[in-house]
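Close look at the chain arrangement
Chain residues, written in single-letter form:
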Amino acid sequence: MIVIHCDGIMPHQHNTIAKIDAYHRKKGWKCVGYHEYVRRDGTIEHGRNIAEPGAHVVGHNSHSIGICYEGGLNSHGEPEDTRTPEQVRALRQLVERYHGYFPDAVIVGHHDLNPKKHCPCFDAVKEYWDLQPMK
């Protein structure tokens, strides 16, 4: 699977893969749980090595790639699709790249695997319908 996440921060907040790595290490994890991170300006920051299982979705880490983007909350702290046009393009680029490596991978949002989560605040299955494996 290719699993899309948001980091759940508001528009005035900023994050980096290094900050997420530090947070995940404080939780006792080996390193950052995501394989890729997309900043609001579309910059892609690389996280956990793709050869290593992620730590981003309980029960599915051993067979998934984790891609996270900066944002996901509006200025009131409510879940909302806050992706910038640059993020939309960069996310599409990453998903297409990983789809090329793993053409049978299903593309989902974190909330598709854990309904208690709002993440990623948009419908990844619908967004990437054209890349979903045909069964």
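So, about the packing of aromatic side chains. This model, assessed by the stated rule, comprises four aromatic pairs. With a centroid separation of 5.7 Å and 75° between ring planes, the pair formed by Y98 and Y101 is classed as edge-to-face. Placement of the pair is Y98 and Y101 together in helix α2 (residues 85–101), with a separation of three residues, close to one helical turn. Taking 6.3 Å as the distance between ring centres and 85° as the angle between the ring planes, the aromatic pair formed by Y101 and F102 counts as edge-to-face. Residue class for Y101 comes out exposed when judged on its relative accessible area of 53%. When the ring centre of F122 is taken as reference, the NZ or CZ atom of R83 above it lies at 3.5 Å.

We now examine the layout of surface pockets. Picture a little ball the size of a water molecule; that probe, rolled over the atoms, points out where space is still empty. Looking at the largest pocket, its volume works out to about 440 Å³. Lining the largest pocket are 18 residues, with K27, W29, Y34, H110 and K117 positioned closest to its centre. Counting residues per element, the ones that place at least two in the lining of the largest pocket are α1 (17–26) and α3 (110–113). When the residues that make up the lining of the largest pocket are grouped by side-chain class, the tally is nine nonpolar, six polar and three charged.

Thresholds applied
- Residues numbered from 1 in each chain as written.
- Predicted model: local features only at pLDDT ≥ 70, side-chain atom pairs only at ≥ 80, totals over all residues.
- Heavy atoms only, no water.
- Phe/Tyr/Trp six-rings, centres within 6.5 Å; stacked < 30°, edge-to-face > 60°.
- Helix = DSSP H or I, 4+ residues; strand = E, 2+ residues; numbered from the N terminus.
- Buried < 20%, exposed > 50% of the residue type's maximum accessible area, 1.4 Å probe, protein only.
- Lys NZ or Arg CZ within 6 Å of the ring centre and 35° of its normal.
- 1 Å grid on protein atoms, 1.4 Å probe; cavity = no way out; pocket = protein on both sides within 12 Å on 5 of 7 lines; lining within 4 Å.
- Points joined across faces, edges and corners; volume = space filled by probe spheres on them.
- Nonpolar A, V, L, I, M, F, W, Y, C, P; charged D, E, K, R; others polar.

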